[in-house]
Amino acid sequence: MAIRSIFLKLRAMVLATQAEPRVPPVRAPRRPTPARRIWTPALQVREPLPFGPAPDPATTTRSRAPFSRTPVRAARVWAPALQTREALPFGPAPDAATTTRSRTPFQRTLVRAARAWAPALVRRAFPAPLEDSPEDVGDLTLALPPPVLQVEPEPAIEPEPEYLPEPEPEPEPVPVTVLAAPVETQRYFPISADMGIARLTDGHFVYVDPLDEAVGAHLIARGYWESWIHKAVCDLVQPGDHIIEVGANFGVYTLAMARLIGEEGSLLSFEANPDLAALVERSIKFNGYAGRARLVAKAAADAPGELSFGVSRRNAGGGTLSTDPSGLGTDSRLITVPAARLDDEADQDVRLIRMDAEGSEPLILRGAKRLLKRPDIVVIMEWDIIQMASRTDVPDYVAWLSGMGFRFWRIQFDSTLLEVPAADMAALSSCDVVMSREPPPGGCIA
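Residues numbered from 1 in each chain as written. Predicted model: local features only at pLDDT ≥ 70, side-chain atom pairs only at ≥ 80, totals over all residues. Heavy atoms only, no water.

J.: Would you mind showing me how to read the pairing of strand E13 (residues 407–411) here?
T.: In summary, the side chains of a regular strand alternate between the two faces of the sheet. Relative to strand E15 (residues 431–436), E13 runs antiparallel, the two being bridged by 4 bridges. Looking across to E15, one finds that Arg-410 is bridged to Val-433. When E13 meets strand E14 (residues 417–420), the two strands line up antiparallel, connected through 4 bridges. When the sheet's bridge partners are listed, Arg-410 is paired in E14 with Leu-418. From the end of E13 to the start of E14, which pair antiparallel, there are 5 residues, and Ser-415 there has a positive phi angle of about 70 degrees. (Pairing = 2+ DSSP bridges. Helix = DSSP H or I, 4+ residues; strand = E, 2+ residues; numbered from the N terminus.)

Shown next as structure tokens:
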């Protein structure tokens, strides 16, 4: 209404100047007239302001506190450009592209025309056209100050950190429990009342008679027999050797020598006790030496034929050529066994002979004269002058051997070889000796 009255007065003044000489216009006294306070639709989408949420412009004509309600001649308008702003004076500055004043709080002075924030809002100063304004009112313009642009740098947008997936944790290693190899505690595996298998400490298995109280009992309980002699014999065996054994007993030395000679060597083993011969033959096959070891179930002697032989299960290894086996025990008995000479049975160039024949060694060597002619032959035998005296004259026997150039070494308990003069051999106590023309290769000479 105030704007309408202003224009009506201006019209009257213009008409008066056309009829009369031009005089300075007279302004009407300034009367404070109420003016409408308008909230633009731009505030409809605002969040709550310092004085609360924006009112509905369709039903509200006045502002809320803290705006002062002093009369002004034009409405105060918020630019649509501020629809998306956060907070005003009461907040950050409006957009510089559409704003002509600073963002200090509004100056609340009386003006004659509407105060706009942007040229784009000039049309907002006159929300409705004048119905009764003359056509020449178009000459009347409102002088608005040129807009002053205030450009503020846009805040730098920090790039969002790239999302890197967290590495999957490595699976924990599964603890592996390594079980120790089971310790073989069982040494004897019975098969029947008359036979079983004993595990030896060198890894072989031998068939034994569980009623034997000498060698068999030691093999079942301990797994070895005469360990110092066993080592000395093994030291003297070389790969590829051809060996003859007389008195295999349960086959402890038979298996050890068969392993050491390898596939190129050969072993001929004599055992006169038929019960022991059957067990030794089983042991040879069980341990896989059938291709290099052969058992001869005969007694070795100085002449072929048949001999009386005493046997006993309680002392199976004590069988001997005898006509009175009472010394073997209450279960002893006499049997007849075939006899053969080593020279007749050996088909190889023998380098080593091992004997344990319970005093029959002089008879056996007299049946191996051809084999003893080999210069490097080695003989390992039991030396018991009491047992040998029942077969031959011991001093003559020693003289015969020394006459062929043989020397003698005694096997000590540490498996070393101690040389014994030939003159002392006729009185040497029971032991095992090594006989050779030269120090035996492989032997540990003391």
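J.: Quick question: what am I supposed to make of the sheet that holds strand E10 (residues 333–340) here?
T.: Remark on secondary structure: sheet strands pair via backbone hydrogen bonds, oriented parallel or antiparallel. The strand order E7-E10-E8-E9 describes an open sheet built from 4 strands, whose pairing is mixed. Since the sheet does not close on itself, it has two edges, and those belong to strand E7 (299–300) and strand E9 (320–321), each with one partner. Relative to E9, strand E8 (residues 305–311) is paired through 2 bridges, and the arrangement is antiparallel. The residue of E9 that forms the bridge with Phe-309 is Leu-321.

J.: Just checking my understanding: could you explain the side chain of Thr-416 for this structure?
T.: Looking at where Thr-416 falls in the secondary structure, it is placed in the loop between E13 and E14. We classify Thr-416 as buried; its relative accessible area is 12%. Within the structure, Thr-416 has its side chain in polar contact with the side chain of Asp-414 (distance 2.6 Å). Setting aside residues up to four positions removed in sequence, Thr-416 forms contacts with Arg-410, Ile-411, Cys-444 and Ala-446. (Buried < 20%, exposed > 50% of the residue type's maximum accessible area, 1.4 Å probe, protein only. Polar contact = N/O pair within 3.5 Å; in protein donor to acceptor, adjacent residues only side chain to side chain. Contact = heavy atoms within 4.5 Å.)

J.: Any chance you could explain the sheet that holds strand E2 (residues 195–199) here in plain terms?
T.: Spatial ordering of the open sheet is given by E1-E2-E3, a layout of 3 strands whose pairing is antiparallel. Among the strands making up the open sheet, the edge pair consists of strand E1 (188–192) and strand E3 (205–208). Neighbour-to-neighbour, the strand axes of the sheet open up by a mean angle of 20 degrees, direction not taken into account. The sheet contact formed by E2 and E3 spans 4 bridges and is antiparallel. The residue of E3 that forms the bridge with Arg-199 is Phe-205. Across the sheet, helix H5 (residues 274–286) is in contact with E2 and E3; its angle to E3 comes to roughly 160 degrees. (Axes fitted to C-alpha atoms, helices over the stretch in contact; angles between N-to-C directions.)

J.: Before we go on, may I ask you to explain the nonpolar core in this structure?
T.: Soluble globular proteins: nonpolar side chains tend toward being buried together. Leu-219, Phe-250, Ile-380 and Val-434 are the most contacted members of the largest nonpolar core, which totals 41 residues. Among the elements that line this core, the one with the most residues is helix H4 (residues 252–261), at 6 residues. Among residues more than four places away in sequence, those in contact with Val-434 are Leu-236, Val-378, Val-379, Ile-380, Arg-407, Phe-408, Trp-409, Ile-411, Leu-417 and Pro-440. (Core = buried A, V, L, I, M, F, W, Y, C linked by side-chain atoms within 4.5 Å.)

J.: What is the right way to read the packing of helix H3 (residues 227–236) against H4 from this model?
T.: The angle between the axes and the distance between the axes are what describe a pair of packed helices. Contact geometry of H3 with H4 gives a least axis separation of 10 Å together with a crossing angle of 30 degrees. Between H3 and H4, the angle is such that the two are roughly parallel. In this structure, H3 meets H4 at a crossing whose hand is right-handed. Residues Ile-229, His-230, Val-233 and Cys-234 of H3 form the contact with H4, whose own contacting residues are Val-252, Tyr-253, Ala-256, Met-257 and Leu-260. Among the residues forming the contact of H3 with H4, the class breakdown is 8 nonpolar, 1 polar and no charged. (Parallel < 35°, antiparallel > 145°, perpendicular 65-115°, else oblique. Left-handed = near helix turned anticlockwise from the far one by under 90°. Nonpolar A, V, L, I, M, F, W, Y, C, P; charged D, E, K, R; others polar.)

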